[in-house]
Structure formats: structure tokens, C-alpha cells
Amino acid sequence: MNATAQWRGADLARQIVVLSAVSFMLIAAVIGAGAFGNTAVEDQQGGALSTSGSYLAPAGPAFSIWSIIYLGLIVYAIWQALPRQRTNPRQRALGWLIALTMTLNGLWLVAARFGTLFLTVVVIVLLLAALGWTFRVAVATREPRGGVVDSVLIDGVTGLHLGWVTLATVANTAAWLTTVVPTEWENAADAIGIAVLIVVALIGLAIAWRSSWRVAPALALAWGLSWLAVERFGGEPQSTPIGVTAIIVAVVVLLPPAIVSVLRLVRPSVD
């Protein structure tokens, strides 16, 4: 999909903003990882954001998915800055939105470092909303045989980002609620956790359905749910019911889009 329209000042501005947004996000990520001797994210906010911060926090290895998401966003930022992408209609529709998601991503890390736990919830909800809108536009603007690079760097990376942040929003919100609700609520933690995971299943299936069964969001969501189960089985706080439910939800969320993806490989369609 190579546009022949003459480029406008807004096109160059968009490319620069995307590069600036990814730079801001990476700087925030490096600081958030504790690379300069500051406190890492999991140790901030009194440890509320650690794997033991709530019954819905995934195990540490789950967060390695950020490496894939960040790498994808870096490559996207470089690719979209090429002259031939400047007037691409799809870049015009998505560049600003993807820049917004990267900016909010970085702002969450800033909020975790300098703000309050409630502020991190506000920012991650905004990020989730931005990712949902961005992925919706990505699906709507996807052209038949648009190319592998286009598919991976826009649909794939945005889908992974959306799927992971969906679960991260749940974990972040649970961490905040854990610090503000009465301690007696822990007696009902299993029931509450299971109810929340059922809602996550419905959200995951809704994302898959609305995106014509794209598999990327489901892959990220199932990844996070699997590690959530691992943490509940072997970490603290322990909860076998929540762990079992997380595994079931991971299968429920991933299976339909995975089947559709396999069928599309066997019987290719124009989409």
C-alpha cells in the first residue's frame, strides 16, 4: 500500500512525533528498570506492583513480553519514518494513535516512580482505552495482502500491546484495591478473583470477535494469564482456585482465534 499523494507538513510532524514518543517510552523504561540505581518498578509504591502485590499479579517472567513489545515499537518507529511511509494512508490513520500509546506507556512508568498508586491505575486505563481504539483502527484500515512488515509491525505489535495491557490493567487495579479495601475482604479473595477472571475472558473474546479473530491480543493475554496461574500456585499469596481459573480463561481466550488463524493458513482468504 504505497501512497502517491504529495506529503504534507503534518506527515513529517507525525513521523517526528512517533520517534519522539518511542524515545520517551524507552527512557522511562530504562529508568523504571532501575538501570540508574533508582528503585525498580516492582519495588515502588511500597511493593504493591510486585508479583505478590495482589491475587491477580502474574509471575515475574510474564513481564519479559515487554521486550518483544518494545522491540516491535522501536522497529515500527524506524520503519514509519522512511520517506516511502510518509504519505501512506494507514500511517496517517495510525501514526498519531500509536505515538499516543507509547507516550502513555512511558507516563505510566513516570506515575509509578513519582506519583501515587491510584494515578498508575488512571494512566493504565487511559492506555488501555488508547490501545483499544488504535487496534480498532488497525483492523479497519488493514488491506488485503498489505504485506508482512505492515501486518507484524502494526497489527501484531499493537495486538500484543493491547492483550498484555488488558491483563496489566486488571493486575494494577487489583494492586491498588488491595491497599484500600478492608482486610476482611481477603476472605473472599478467591471468589472475587474468579469473578474478575471471568470478566477478563469475556473481554478477551470480545476483542477477538471485534477484530475478526486476530490472534495477537489473545496470545499476550493468554501468556499473562498462564504466568498469573504459576504465581498463584507457587507464589504469594497462593490461591489454587484462581490459578485453575486463570488457566481455563487462558485456553478460552486463545483457542477461538488460534483455530481461526490455522484455518486461514489452510484456506487463505483475502483478509
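Everything that follows concerns the structure shown earlier in this document.
Since this is a predicted model, take the numbers as computed values, not measurements. (Residues numbered from 1 in each chain as written. Predicted model: local features only at pLDDT ≥ 70, side-chain atom pairs only at ≥ 80, totals over all residues. Heavy atoms only, no water.)

What about the overall build of the protein chain?
1) Next: Summing up its helical and strand segments, the protein chain has eight helices and zero strands in all.
2) Next: Order of helices (α) and strands (β) in the protein chain, N terminus to C terminus: α-α-α-α-α-α-α-α.
3) Next: In terms of overall dimensions, the protein chain is globule-like: its C-alpha atoms have a radius of gyration of 19 Å, near the 18 Å expected for 271 residues.
4) Next: Based on the C-alpha atoms only, the size of the protein chain along its principal axes is roughly 65 × 45 × 25 Å.
5) Next: Expressed as a percentage of contacts within the protein chain between residues at least 6 apart in sequence, the contacts between residues at least 24 apart total 81%.
6) Next: In the form shown here, the protein chain has an accessible surface area of approximately 12,900 Å², with 71% of it arising from carbon and sulfur atoms.
7) Next: Charged side chains of the protein chain number 15 positive and 12 negative; the gap between the two group centres comes to 20 Å. (Helix = DSSP H or I, 4+ residues; strand = E, 2+ residues; numbered from the N terminus. Rg over C-alpha atoms; globule rule 2.2 N^0.38 Å. Contact = heavy atoms within 4.5 Å. Areas by Shrake-Rupley, 256 points an atom, 1.4 Å probe, with all protein chains shown as cover. Lys, Arg positive; Asp, Glu negative; His and termini not counted. Charge placed at Lys NZ, Arg CZ, Asp CG, Glu CD.)

Quick word on the side chain of Asp-11
1) Next: By the element assignment, Asp-11 lies in helix H1 (residues 9-32).
2) Next: The exposure class assigned to Asp-11 is buried, which follows from its relative accessible area of 1%.
3) Next: For Asp-11, the contacting residues outside a window of four places in its chain are Arg-86, Thr-87 and Arg-92. (Buried < 20%, exposed > 50% of the residue type's maximum accessible area, 1.4 Å probe, protein only.)

Structural notes on the pattern of salt bridges
1) Next: Across all of its chains, the model carries five salt bridges by this definition.
2) Next: Residue Arg-90 is joined to Asp-155 by a salt bridge in which the shortest nitrogen-to-oxygen separation is 3.1 Å. Of the two residues, Arg-90 sits in helix H3 (residues 89-114) while Asp-155 sits in helix H5 (residues 148-180), which places them 65 residues apart along the sequence.
3) Next: Residue classification places Arg-90 among the buried positions, given a relative accessible area of 2%. (Salt bridge = Lys/Arg side-chain N within 4 Å of Asp/Glu carboxyl O.)

Structural notes on a nonpolar patch on the surface
1) Next: Residues Phe-233, Val-244, Ile-247, Ile-248, Val-251, Val-252, Leu-255, Ile-259 and Leu-263 make up a contiguous nonpolar surface patch of about 750 Å² in total accessible area.
2) Next: Of all the elements, helix H8 (residues 240-266) adds the most residues to the nonpolar patch, at eight residues.
3) Next: Considering the arrangement of structural elements, one finds Val-251 in helix H8. (Patch = residues over 30% accessible without salt bridge, like charges linked within 9 Å, V, L, I, M, F, W, Y side chains within 5 Å.)

With respect to the environment of Pro-182
1) Next: Looking at where Pro-182 falls in the secondary structure, it is placed in the loop between H5 and helix H6 (189-210).
2) Next: On the basis of relative accessible area, Pro-182 is assigned to the partly exposed category, the value being 42%.
3) Next: Between the alpha carbons of Pro-182 and Leu-255 there is a distance of 37 Å; along the sequence they are 73 residues apart.

A look at unusual backbone geometry
1) Next: Backbone torsion omega between Glu-236 and Pro-237 reads -5 degrees, so that peptide bond is classified as cis.
2) Next: Mapping Pro-237 onto the fold places it in the loop between helix H7 (216-234) and H8.
3) Next: Backbone geometry places Ser-212, a non-glycine residue, at a positive phi of 60 degrees.
4) Next: If you trace the backbone, Ser-212 turns up in the loop between H6 and H7.
5) Next: Phi is positive for Trp-213, close to 65 degrees, though the residue is something other than glycine.
6) Next: Within the secondary structure, Trp-213 is located in the loop between H6 and H7.
7) Next: The exposure class of Trp-213 is partly exposed, given its relative accessible area of 28%.

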